[in-house]
Protein chains: 2
Amino acid sequence: MTTYSAPVEEMMFLYNHLKDNKDYNEIQKFKEINSDLVKDILDQAAKINQEIVHPLAKVGDETPCVYENGVVRSPPGYKQAYQQFIKDGWTSLSCDPKYGGQGMPKTVSTFFEEMLSSSSLSFKLYSELSIGAYHCILHHADTKIKNKFLPKIVEGKWSGTMCLTESQCGTDLGLIKTKAEKQEDGSFLLTGQKIFITSGDHDLTENIIHLVLAKIPGAPPGTKGISLFLVPKFNVNDDGNIGTRNGVKTLSIESKMGIKGSPTCVLNFDNAKGYLIGKENKGLSSMFTMMNLERIIVGIQGLGIAETAYQNSLAYAKERKQGKANNTNTEKADEIIKHADIRRSLLSMKSIIEGERSLSFWLSQQIDVSLNHSDENIRKNANDLVSLMTPVVKSFFTDMGSEITNEAIQVFGGYGYTKDQGIEQLFRDNRITPIYEGTNSVQAIDLVFRKVLKEKILNNFLKLIQKEISEHNNNQQLKKFSNIINDKIDIINKFSNWLEKRNKEKRDDVSASCNDFLKILGYLSLAYSWFKTTKVSLSLKDQNKNFYNEKINTANYYFDKILPRINAHYESATSGSDIIMNAKFG
Amino acid sequence: MTTYSAPVEEMMFLYNHLKDNKDYNEIQKFKEINSDLVKDILDQAAKINQEIVHPLAKVGDETPCVYENGVVRSPPGYKQAYQQFIKDGWTSLSCDPKYGGQGMPKTVSTFFEEMLSSSSLSFKLYSELSIGAYHCILHHADTKIKNKFLPKIVEGKWSGTMCLTESQCGTDLGLIKTKAEKQEDGSFLLTGQKIFITSGDHDLTENIIHLVLAKIPGAPPGTKGISLFLVPKFNVNDDGNIGTRNGVKTLSIESKMGIKGSPTCVLNFDNAKGYLIGKENKGLSSMFTMMNLERIIVGIQGLGIAETAYQNSLAYAKERKQGKANNTNTEKADEIIKHADIRRSLLSMKSIIEGERSLSFWLSQQIDVSLNHSDENIRKNANDLVSLMTPVVKSFFTDMGSEITNEAIQVFGGYGYTKDQGIEQLFRDNRITPIYEGTNSVQAIDLVFRKVLKEKILNNFLKLIQKEISEHNNNQQLKKFSNIINDKIDIINKFSNWLEKRNKEKRDDVSASCNDFLKILGYLSLAYSWFKTTKVSLSLKDQNKNFYNEKINTANYYFDKILPRINAHYESATSGSDIIMNAKFG
């Protein structure tokens, strides 16, 4: 089994020294949240994750969810752990106090999301979609529905789902067939089948609130005719108590590569009673409130799982003795952490993980500002950055999760391939993250066609980086980093100019290069994070030499060893798509 | 479940048009092997693989091997399939007719290895090690042992294993503890425990012949005191019949990420009777006869599994409709193969797979020459090329296998993550290949420190490439490819000069860059293969326009889209190892 120790020191370093959004401190709502309180929360979070959640990871993998006689049973121990989890209030962390939430900012709740991902993604998924449902209802439902459903969701007594996918459509939601027929009382009856529904049914909560995309007969074709409905597993009486069973039935659960402790359901809606959320035919945009925050959290899943993979390979490398390193004088075998190639592998993981954590902390600040700042322009500006970075964090972090968990297996050698160590499970659990909530290719298309070419919001981010660099132009110790970043910004500028041009002349050139563009922006974003970390570390060095010198060293690794990948992506992408479109594929 | 159709046309293209080793035709032994015969063998091979072996892949994954009461049972259907397999003579394909083999060259048997890997790696592993054992016995045992054991192994009635690893050592065989004590009759009694023994015990054959590394008391320490022994599961009487059970016991089998249809055993040797193979204390070099050929076959496994992943993603992409492509006029969703990004992904797989197949065909010629040519110098020269390429093919093909099976999952989206389609199994099955028979890092160290720096056999290969290019200097259609290859050869030359220098000044710089060097040589080798394929395709184009134009197009893809990776590896590696060695890792 793997071990996990929450990186609270790393998180507090970010919280204390990298809260660098100048508008953040103006948010009235979070005035009282100070470093001591955050430290206290993180310590508590570490405790429940290490002691209660993390042991569930292996249990869920070995004793997956079971579907029998129409009922889904969670793995052994999940129910008890969930009871503790909601009793301690973890589902309510970032929710509005109006509905029983604790009102914590994203800067704090994102740390918690990471810990939970590191501990057990399967267990996390039972409550994760609830937070998505919470946001969707909060922003789009009427007061009556909010008052009826939100407190129970915040409390964790009821959970939520997102029902989008049908067998004929995942990416292309314009193709959905589920029907919603309006009733005289204003409610709807939904009929259709949804697949791949995470936590679609289980025994942890007394009710499950499905948010379902469906078409009202006569609606416009395609994505313009999709509406959003709230469909509870059990109807809820006006007094808030659970009533009769609604017409939602679980037909089966999937047998999957990983996240076996999480039930992925086929749900059948047969005249199930539902309530319209938001306006008719505007369901997709309401769902996207949920989707966008959810996509960032999926990125955090990739980060969290990578952290566990790193921690365990590091521990193994310090223990396992094999072969002689170059500069040791003993006769016996050395710990493999003394071998340069193993160190390279570990540093590669570490530099990506710490860069990602720093980037996601910065992004959490932008989310907090975008949702809570009193100035509309400031909100808008922050929102643009969130919008730009959403597909990047979703795809880049999850792809890096695959890379890092794959490398972790390799550090363990043969032991990485057996089930005992739990390492191979991390790869399998993570492998869903580049797929769900919109595949990484869909994210890349969203980034390039929508965010870069249509909304043109890339430049704000590049300016932010350039401003950061130029403010430290006189700092000789940062010169190396500034120069490299400037080179990479040149590349991304050339790339986006090329995209602009090709978009007018040959859209396939753009489509074929979206993935490379996303990768480049991902690597550059982490470079931006490492630049800021290095700047802070240089100035604080004397306070904790070990900690800050290691940060500076890891930054150097990232710049020297990881960033060269940008050039390969650029060269590969900008050779165009003629060859790609010419292929006949036998 | 996946489907599989053996790429016989691709293989015959190589056999008919890329048999380009000028010394190959001088091998007397293979004079009678002609294209018709090879085609006939491949058609038969395709049939058994498609119809009998491939269905076993999913069976083995869903109903893994079982260990009960000291006995290992193979998955349902494996026994019957194996009976057919040996009845048709597939275990004897490349073996010496003297012992009942069919005497086929590696150029042919390698194609078969690929098909078997594509169909079911688990099933393949039951006979694969037998061929390794065959080679080891053939080259190092005395006549009596050869006559006693080889015919049964060739026939497939007995199988073989390689027993190297112990719990404290995989990579570092100097640490083995298994003891072998000499008896008066010249035999030995072996005592110790071996782990990770592929096909270490099973019910497909009537006997299992273990090749075991052990130490004779008083032997020199480390790798210089290791001897090799043949230890049968059942003792064999002088008349060749099976006798009493020997002191080898199976303690357990591993629960693994993949290849679940193949038993990975912990074997206990308790005064088990064994026979010395080769000279005392020279066991490691005898074992390497087996290991080296085996390592190439592991590379072929990566290629074979990638082929199945590619075939299935291609078929899915032609069928699945989702989203609108850029240049189609329908209102409805298009097949995803019309999307540029999916095409890019498929072409990436295809260009690597076909390049690898071509490289491994070339390498098979070198093996045939190195083993069978009458001229010692020619043998030596070919052997050097085989020696250089062994770690490259092992590591590069298996790493690309991970990349390609991972991409295949992505093409399938959510369906790639569920068990039904069998796609995720390909990733899991392949994932052992970068680990066993020496991890890919060990291969990279072998390549750089032994082959490049010590034996200095890189230049022969580079000269071969340069010769090939310079012979077609006047061919304008090949100019683009020549220029790119020349650029990449410059890089690899600069890199190897750097290695020479760093090896004298700072060995950690070399150790930290071995993996990057191997990758670069891998990419360059495939470029060499694609160059030859393009040359041939240009000259034959009028005979089969579709086939050859597609080859030329795929070559262009490989050069434009894949080769830029070389530069990133070079830049990353040659920034040295100071940062790597400075890291404190908390």
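Counting restarts for each chain, with residues numbered from 1 along the sequence as it is written. Chain letters start at A and ligand numbers start at 1, both assigned in the order the entries are written. Per-residue local features of the predicted model are confined to residues with pLDDT of at least 70, and side-chain atom pairs are confined, for both listing and counting, to 80 or more; whole-chain, interface and lining totals are unaffected and use all residues.

## Side note on the overall build of chain A
Where we set the bar: Put simply, DSSP marks the helices as runs of H or I at least four residues long and the strands as runs of E at least two long, and each gets a number from the N terminus on. For this measure, only C-alpha atoms enter the radius of gyration; the expected value for a globule follows 2.2 Å times N^0.38, where N is the number of residues. Every C-beta atom is placed from the backbone, and the number of other C-beta atoms within 10 Å of a residue's own sets its class: buried at 20 or more, exposed at 12 or fewer, partly exposed in between. Here contacts are defined at the residue level, using C-beta atoms placed from the backbone and a cut-off of 7 Å between them.
When helices and strands are tallied, chain A shows 18 helices and 11 strands. Relative to the compact-globule value of 25 Å for 586 residues, chain A shows a C-alpha radius of gyration of 24 Å, a close match. Relative to its full complement of 586 residues, chain A shows a buried share of 58%. The long-range share in chain A, meaning contacts at least 24 apart out of those at least 6 apart in sequence, stands at 75%.

## Remarks on helix H14 (residues 458-470) of chain B
Every α-helical turn comprises 3.6 residues, leaving residues that sit three or four positions apart pointing alike. Residues and elements named next belong to chain B. For clarity, the threshold we go by: Multiplying 1.5 Å by the residue count of a helix minus one yields the expected span of that helix. This arc describes the spread of directions from the helix axis toward the C-beta atoms.
Over its 13 residues, H14 runs 19 Å from end to end, which matches the ideal 18 Å to within 8%, given 1.5 Å per residue. Those residues of H14 that sit buried are Leu458, Phe461, Ile465 and Ile469. Buried residues in H14, looked at end-on, bunch into an arc of 80 degrees, giving them a common side. Seen from the open side of H14, the exposed residues pointing more than 90 degrees away from its buried face are Lys463, Lys467 and Ser470.

## Quick word on the interface of chain A and chain B
Threshold: Under this grouping Gly is polar, as are all residues other than the nonpolar Ala, Val, Leu, Ile, Met, Phe, Trp, Tyr, Cys and Pro and the charged Asp, Glu, Lys and Arg.
The partner chain B presents 70 residues to the 70 residues of chain A that form the contact. Elements that contribute at least two residues to the side of chain A that touches chain B include exactly helix H8 (340-372), helix H9 (376-412), helix H10 (414-417), helix H15 (507-540), helix H16 (545-562), helix H17 (565-573) and helix H18 (578-582) of chain A. It is H16 of chain A that provides the largest number of residues to the side of chain A that touches chain B, a total of seven residues. Tallied by class, residues from the side of chain A that touches chain B come to 26 nonpolar, 27 polar and 17 charged.

## Details of the pairing of strand S7 (residues 227-232) of chain A
Residue and element names in this part refer to chain A. Here is the rule we go by: When DSSP finds at least two bridges between two strands, those strands are taken to pair.
Counting buried residues in S7 gives six out of six residues, a clear majority hidden from the surface. Burial of S7 is two-sided: the residues Ser227, Phe229 and Val231 facing one way and the residues Leu228, Leu230 and Pro232 facing the other way are all buried. Where strand S6 (residues 207-214) and S7 come together, six bridges link them in antiparallel fashion. The residue bridging alanine 214 from the neighbouring strand is serine 227, located in S7. Here S7 runs beside strand S11 (residues 264-277); their pairing, made up of three bridges, is antiparallel. When the sheet's bridge partners are listed, leucine 228 is paired in S11 with isoleucine 277.

## With respect to unusual backbone geometry
All names here are of chain B. With a phi close to 50 degrees, asparagine 69 is a non-glycine residue in the positive phi region. The residue asparagine 69 is located in the loop between strand S1 (66-68) and strand S2 (71-73) in this model. Here asparagine 69 falls in the exposed class, since 4 other C-beta atoms lie within 10 Å of it. The backbone of phenylalanine 585 shows a phi angle near 50 degrees, a positive value even though the residue is not glycine. On the secondary structure map, phenylalanine 585 appears in the segment after helix H19 (578-582). Using a count of 14 C-beta atoms within 10 Å as the deciding quantity, one classes phenylalanine 585 as partly exposed.

## As for helix H1 (residues 8-17) of chain A
Taken together, the buried positions of H1 of chain A are occupied by Glu10, Met11, Phe13, Leu14 and Tyr15 of chain A. Buried residues along H1 of chain A sit against helix H2 (35-62), helix H4 (106-119) and H8 of chain A.

## Re the nonpolar core
Convention followed: Put simply, a nonpolar core is a cluster of buried Ala, Val, Leu, Ile, Met, Phe, Trp, Tyr and Cys residues tied together by C-beta atoms within 7 Å. Each domain's limits were defined by an automated method or a database of domain assignments.
In this structure, Phe229 and Phe517 of chain A together with Phe229, Phe517 and Ala527 of chain B are the most contacted members of the largest nonpolar core, which totals 346 residues. Residue-level mapping places this core at the junction of two domains, with at least three residues from each of domain 1 (54-88 + 120-281) and domain 2 (288-323 + 333-578) of chain B. Aside from chain neighbours lying at most four places away, what touches phenylalanine 517 of chain A is Ala444, Leu447, Val448, Phe495, Leu499 and Ala573 of chain A.

## Let's talk about the environment of glutamate 455 of chain B
Residue and element names in this part refer to chain B. Assignment of secondary structure puts glutamate 455 in the loop between helix H13 (440-454) and H14. On the basis of neighbour counts, which here come to 12 C-beta atoms within 10 Å, the residue glutamate 455 falls in the exposed class. With 123 residues separating them along the chain, glutamate 455 and aspartate 578 place their C-alpha atoms 27 Å apart.

## A few points about the relation of the copies chain A and chain B
To keep things clear, this is the line we draw: We superpose the copies by least squares over the C-alpha atoms of residues that have a pLDDT of at least 70 in both of them.
Mapping chain A onto chain B is achieved by rotating through 180 degrees and translating by 0.0 Å along the same axis, at an RMSD of 0.0 Å. Taken together, the turn and the small shift mark the pair as related by a two-fold rotation axis. In terms of proximity to the rotation axis, the leading residue of chain A is alanine 568 of chain A, whose C-alpha is 3.0 Å off the axis. Residue by residue, 100% of the interface of chain A is reproduced at the interface of chain B, so both copies engage with the same surface.

## Concerning the packing of helix H8 (residues 283-319) of chain B against helix H10 (residues 376-412) of chain B
Residue and element names in this part refer to chain B. Note the following rule: Between the N-to-C directions of two axes lies an angle of 0 to 180 degrees, each axis being a line fitted to C-alpha atoms and, for a helix, fitted only over the stretch in contact. We call two directions roughly parallel when the angle between them is under 35 degrees, roughly antiparallel when it is over 145, roughly perpendicular when it lies between 65 and 115, and oblique otherwise. Two helices that cross are described as forming a left-handed crossing if the nearer one is turned anticlockwise from the farther one by less than a right angle, and a right-handed crossing if clockwise.
Where H8 meets H10, the axes come as close as 8 Å, and the angle between the chain directions of the two elements is 20 degrees. Put simply, H8 runs roughly parallel to H10. Once H8 is placed against H10, the crossing between them reads as left-handed. A breakdown of the residues in the contact of H8 with H10 according to their chemical character gives 17 nonpolar, nine polar and two charged.

## Considerations on the confidence of the model for chain A
Cut-off, in case you're wondering: Residue-level confidence of the predictor, termed pLDDT, takes values from 0 up to 100.
When pLDDT is averaged across chain A, the result is 96; 100% of the residues are at 70 or more. Confidence metrics for the complex model read pTM 0.97 and ipTM 0.97.

## Observations regarding the packing of helix H5 (residues 121-140) of chain A against helix H6 (residues 143-155) of chain A
Residue and element names in this part refer to chain A. Taken N-terminus to C-terminus, the directions of H5 and H6 make an angle of 160 degrees; their axes are 10 Å apart at the nearest point. The angle between H5 and H6 falls in the class roughly antiparallel. For H5 against H6, the interelement crossing comes out left-handed. Of the residues in H6, those touching H5 at Ser130, Ala133, Tyr134, Ile137 and Leu138 are Ile145, Lys146, Phe149, Leu150, Ile153 and Val154. Here the contact of H5 with H6 is composed, by residue class, of nine nonpolar, one polar and one charged.

## Looking at the environment of serine 127 of chain B
Residue and element names in this part refer to chain B. Relative to the elements of secondary structure, serine 127 occurs in helix H6 (residues 121-140). The sequence separation of serine 127 and glutamate 206 amounts to 79 residues, and the corresponding C-alpha distance is 13 Å. With residues near it in sequence (within four places) discarded, serine 127 still touches Thr91, Gly156 and Ser159.

## Observations concerning the environment of histidine 210 of chain B
Residue and element names in this part refer to chain B. Here histidine 210 is to be found in strand S6 (residues 207-214). Residue histidine 210 is classed as buried on the basis of its 27 C-beta neighbours within 10 Å. Separated by 56 residues in the primary sequence, histidine 210 and valine 154 place their C-alpha atoms 15 Å from one another.

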